[in-house]
Amino acid sequence: MSRRVITIAELTAHAGEEITIRGWVYNWRKKGKLRFIILRDGFGYLQCIVFRPEVEDEVWETAVTLTQESSLEVTGTVVADERAPGGFELKVSALKALQIAPEFPIGKKDHGPDFLLNNRHLWLRSKRQHALMRVRSQVEFAIREFFQGRGYTLIDSPILTPAACEGTSSLFETEYFGETAYLSQSGQLYLEPAAAALGKVYCFGPTFRAEKSKTRRHLTEFWMVEPEVAWLRFDGLLDLCEEFLSEVVVRVLESCSEDLERLERDVSRLEPTTKRPYPRLDYAEAVAKLVELGSDIEFGEDLGGDDETMLTELYDRPLLITRYPAKVKAFYMQPDPEDPSRALAVDVLAPEGYGEIIGGSERSDSLEHLERKIAEHELPREAFEWYLDVRRYGSFPHSGFGMGIERFVAWICGVPHLRETIPYPRLINRLYP
RNA sequence: UCCGCAGUAGCUCAAUGGUAGAGCGGGUGGCUGUUAACCACUAGGUUGGGGGUUCAAGUCCCUCCUGCGGAGCCA
């Protein structure tokens, strides 16, 4: 007897052959002397047929004890059959149960978010979560390819840091051999010196924000990709944002069509993003348009969530909003030479109400300006001395942005809440599993 | 932190202030082609905790806890 072990992904190449597959029971049905076992192995789903008159008693005895998510090794002949999901099924000749699982918590009907998140480690076994994790994986792959293919060097920035990048209220604090350390909120400050060393750099890793946010658009631990480019000015940064988004979306649409279909994502809504240019609104234009639309925003304020949604509904692709008031933005941003009360900052808002996915800016290249800003923001000067060295030793124009992976994936997949876009979400009241 | 909503079987939800139910899941039985199979039977409850109003509370009131949605802040 053949003992060739394959995955379900390789099944169609083995029609008519006897093969072995290892996996878990996704579902089972019985019909008299027939048992249908839907096996999943992480690569696909396969209907296995056990027909009592045609198998050894031992095989039948095993088949009837199988429960949802029991682990097993099944051997049989691959046969094409119109009645089988996927067109192929396995006529079982041998069956080895590795473990019979007790009642599996996640059933066929709907569950609530609290229950699912408490069982996240088991929830990952469902089809929808497979699709989301694969899209996330492809997104990260496409992002790395984008930067690696353009000569960027990956710089892994530290997780444990001595001070804040943007305000201390949202930092996770931890004890570090008698000192206080904070979990990183951004790799940017570490990337700027690296850009002076290597020209084009990026980092890609987890970041931590202890914000007491309880919305669908926030996690306390999320992944961010941040490029930083020497000699890149603001206008070039805007082009980079567009080039980056359009190319990554193209790649993901190519590689994830099946998963997006499973997620019932209307991919025609994503097509416009593959084409440049994107609409760009100066902050002042954006405010004027919002007032026209009925918002109560006043010039000088940051945009609220409703404001962002109102604006993005006007366009079919991401929207760039530029030159925000300097006072609502971080200390390290370059002032607009035409109006120093504004910063050379850009937010990229995703369509369909998914909100801000990218925040970027040209960085201040003036030592004097940064010293003043650090004082204004009441940041601990000593902690930034090393950062200021970037302006002491060969200051240079440079720009960069950060993109939150989960928000991007949520938008691509059309899921409403970030909690499904990361394998193990960390939320304000959730550290388990 | 603030505003709003919710908490009933393992899960998802019903139940005019008047005997706590259904579907799914579990168990038993039936069926040779099921597609979240179907059919029959069956087990399963301190209605989130505490206090109060009432002849009577899952239901009304107070309080605490937990979750969900949103605001602010951000990616």
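Above this note sits the structure.
Residues numbered from 1 in each chain as written. Chains lettered and ligands numbered in written order. Predicted model: local features only at pLDDT ≥ 70, side-chain atom pairs only at ≥ 80, totals over all residues. Heavy atoms only, no water.

Attention shifts here to empty space enclosed by the protein. Counted under the stated rule, the structure contains 2 cavities of 30 Å³ or more. Around the second largest cavity, the lining residues are Arg-209, Glu-211, Ser-213, His-218, Leu-219, Thr-220, Leu-427 and Ile-428. Tallied by class, residues from the lining of the second largest cavity come to 3 nonpolar, 3 polar and 2 charged. (1 Å grid on protein atoms, 1.4 Å probe; cavity = no way out; pocket = protein on both sides within 12 Å on 5 of 7 lines; lining within 4 Å. Points joined across faces, edges and corners; volume = space filled by probe spheres on them. Nonpolar A, V, L, I, M, F, W, Y, C, P; charged D, E, K, R; others polar.)

For the rest of this paragraph, the subject is the pattern of salt bridges. With the rule as written, the count across this model stands at 35 salt bridges. One salt bridge connects Glu-192 with Arg-391, and the closest N-O pair in it is separated by 2.6 Å. Remark: Arg-391 occurs in helix H11 (residues 385-392) and Glu-192 occurs in helix H5 (residues 188-198); sequence separation between them is 199 residues. A residue is classified by how much of its surface remains accessible, and Glu-192, at 0% relative accessible area, is buried. Judged by its relative accessible area of 6%, Arg-391 falls in the buried class. Close ionic contact of Asp-389 with Arg-392 constitutes a salt bridge, the shortest N to O distance being 2.8 Å. With Asp-389 and Arg-392 both in helix H11 and 3 residues apart, this pair spans about one turn of that helix. The partly exposed category is assigned to Asp-389, whose relative accessible area is 29%. Residue Arg-392 is classed as partly exposed on the basis of its relative accessible area, which comes to 33%. (Salt bridge = Lys/Arg side-chain N within 4 Å of Asp/Glu carboxyl O. Helix = DSSP H or I, 4+ residues; strand = E, 2+ residues; numbered from the N terminus. Buried < 20%, exposed > 50% of the residue type's maximum accessible area, 1.4 Å probe, protein only.)

A few words now on the nonpolar core. Counting 62 residues, the largest nonpolar core has Ile-143, Phe-244, Met-403 and Phe-408 as its most contacted members. Broken down by element, this core gets its largest block of residues, 11 residues, from helix H6 (residues 234-255). Contact partners of Phe-244, with chain neighbours within four places excluded, come to Ile-143, Phe-146, Phe-147, Val-225, Ile-358, Phe-401 and Met-403. (Core = buried A, V, L, I, M, F, W, Y, C linked by side-chain atoms within 4.5 Å. Contact = heavy atoms within 4.5 Å.)

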